[in-house]
Amino acid sequence: MDSLEPIRITLEQESDFAFRVSFDDTALAPLLTDEPAPLGRDQGPNPSRLLLAAVANCLAASLLFALRKHRNAPGPIHAEICALPMRNKHGRWRIASARATLKLPGHNADYHNLDRVLAQFEDFCIVTQSVRQGIDVEVNVVDGEGRVLFGDKSFEAGA
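Residues numbered from 1 in each chain as written. Predicted model: local features only at pLDDT ≥ 70, side-chain atom pairs only at ≥ 80, totals over all residues. Heavy atoms only, no water.

A. Structural view of the overall build of the protein. When helices and strands are tallied, the protein shows three helices and nine strands. Moving toward the C terminus, one meets the helices and strands of the protein in the order β-β-β-α-β-β-β-β-α-α-β-β. Scaling as 2.2 N^0.38, a compact globule of 159 residues should have a C-alpha radius of gyration of about 15 Å, whereas the protein reaches 20 Å, well beyond that. By its C-alpha atoms, the protein is 65 × 40 × 35 Å across when sized along the principal axes. (Helix = DSSP H or I, 4+ residues; strand = E, 2+ residues; numbered from the N terminus. Rg over C-alpha atoms; globule rule 2.2 N^0.38 Å.)

Take a look at the structure:
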């Protein structure tokens, strides 16, 4: 990322737990997300799958970036990620840990400065490092007239 512009995403409910995700300020096609049964109809990835996909994708892209930085031209990188959702002490589902495996084609001797690449590539991954540090998420709920129902009421519309 070279920009200090905010990343904006808009979601609109389509039905039950299915949401159409739009990637504002881009030409990207919207994405349909949904929860698996019994809540949803599994019409698209759910938020947990999107989170894991983002972590694995970012790690693979960061590894590719680091490899190319050291004049390597690898073939396709393969990434897998696995997490076991668990209940926390309050009985709520959480992803407490995940295991990502990145597979480089060929042999380690095929790569220049592989030790340096492996020592630094994770630091390039904005998603993994953000998740590891914890992301402070502020939440507001407003009604159709813009009244704040939950969150920071100092910005309530009309107040």
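B. Structural detail: helix α1 (residues 47-69). In this model α1 runs 32 Å from its N-terminal to its C-terminal C-alpha over 23 residues, within 8% of the 33 Å that 1.5 Å per residue would give. All of the buried residues along α1 are Leu52, Val55, Ala56, Cys58, Leu59, Ala60, Ser62, Leu63, Ala66 and Leu67. Its buried side turned inward, α1 meets β4 (78-82), β7 (99-103), α2 (114-120) and α3 (126-133). Of the residues flanking the end of α1, it is Arg71, one or two places downstream, whose phi is positive at about 60°. (Expected span 1.5 Å × (residues − 1). Buried < 20%, exposed > 50% of the residue type's maximum accessible area, 1.4 Å probe, protein only. Contact = heavy atoms within 4.5 Å.)

C. Broad picture of the environment of Ala53. In this structure, Ala53 sits in helix α1. Accessibility expressed as a relative area gives 42% for Ala53, which makes it partly exposed.

D. Quick look at the sheet that holds strand β2 (residues 18-23). On the basis of which strands lie adjacent, the open sheet formed by three strands has the order β1-β2-β3 and antiparallel pairing. The sheet is open, and its two borders are formed by β1 (9-15) and β3 (31-33), each paired with just one other strand. Each strand axis lies, on average, 30° off the axis of its neighbour in the sheet, ignoring direction. Where β2 and β3 come together, three bridges link them in antiparallel fashion. Across the sheet, Phe19 pairs through a bridge with Thr33, a residue of β3. (Pairing = 2+ DSSP bridges. Axes fitted to C-alpha atoms, helices over the stretch in contact; angles between N-to-C directions.)

E. Local environment of the nonpolar core. Formed by Val55, Cys58, Leu59, Leu63, Ala66, Leu67, Leu104, Tyr111, Leu114, Val117, Phe121 and Cys125, the largest nonpolar core amounts to 12 residues. If you list the elements that add at least two residues to this core, you get α1 and α2. The element contributing the most residues to this core is α1, with six residues. Among all residues touching Leu59, those that are not within four sequence positions of it are Ala100, Leu102, Phe121, Glu122, Cys125 and Thr128. (Core = buried A, V, L, I, M, F, W, Y, C linked by side-chain atoms within 4.5 Å.)

F. Structural detail: a nonpolar patch on the surface. Nonpolar side chains collect at one region of the surface, where Leu51, Val131, Ile135, Val137, Val139, Val141, Leu149 and Phe150 lie side by side and expose about 720 Å² of accessible area between them. When you line up the elements, Val137 lands in the loop between α3 and β8 (141-142). (Patch = residues over 30% accessible without salt bridge, like charges linked within 9 Å, V, L, I, M, F, W, Y side chains within 5 Å. Areas by Shrake-Rupley, 256 points an atom, 1.4 Å probe, with all protein chains shown as cover. Salt bridge = Lys/Arg side-chain N within 4 Å of Asp/Glu carboxyl O.)

G. Examining the packing of aromatic side chains more closely. All chains considered together, the criterion is met by one aromatic pair. Judged by centre distance (5.0 Å) and plane angle (75°), the rings of Phe65 and Phe124 are edge-to-face. Within this pair, whereas Phe65 is found in helix α1, its partner Phe124 is found in the loop between α2 and α3, the two being separated by 59 residues in sequence. Taking relative accessible area as the criterion, Phe124 reaches 33% and is therefore assigned partly exposed. (Phe/Tyr/Trp six-rings, centres within 6.5 Å; stacked < 30°, edge-to-face > 60°.)

H. Representation of the pairing of β1 within the structure. With six bridges joining them, β1 and β2 adopt antiparallel strand pairing. Residue pairing in the sheet places Ile9 in a bridge with Phe23 of β2. The hairpin formed by β1 and β2 contains two residues between the paired strands, and Asp16 there has a positive phi angle of roughly 35°.

I. Seen up close, the environment of Glu12. Residue position: Glu12 is located in strand β1. Overall, Glu12 belongs to the exposed group, its relative accessible area being 52%. A C-alpha to C-alpha distance of 34 Å links Glu12 and Ile77, two positions 65 residues apart in sequence. If we skip the residues at most four places from it in the chain, Glu12 touches Ala18, Phe19 and Arg20.

It is worth stressing that arrangement in space is one thing and function is another; only the former is reported here.
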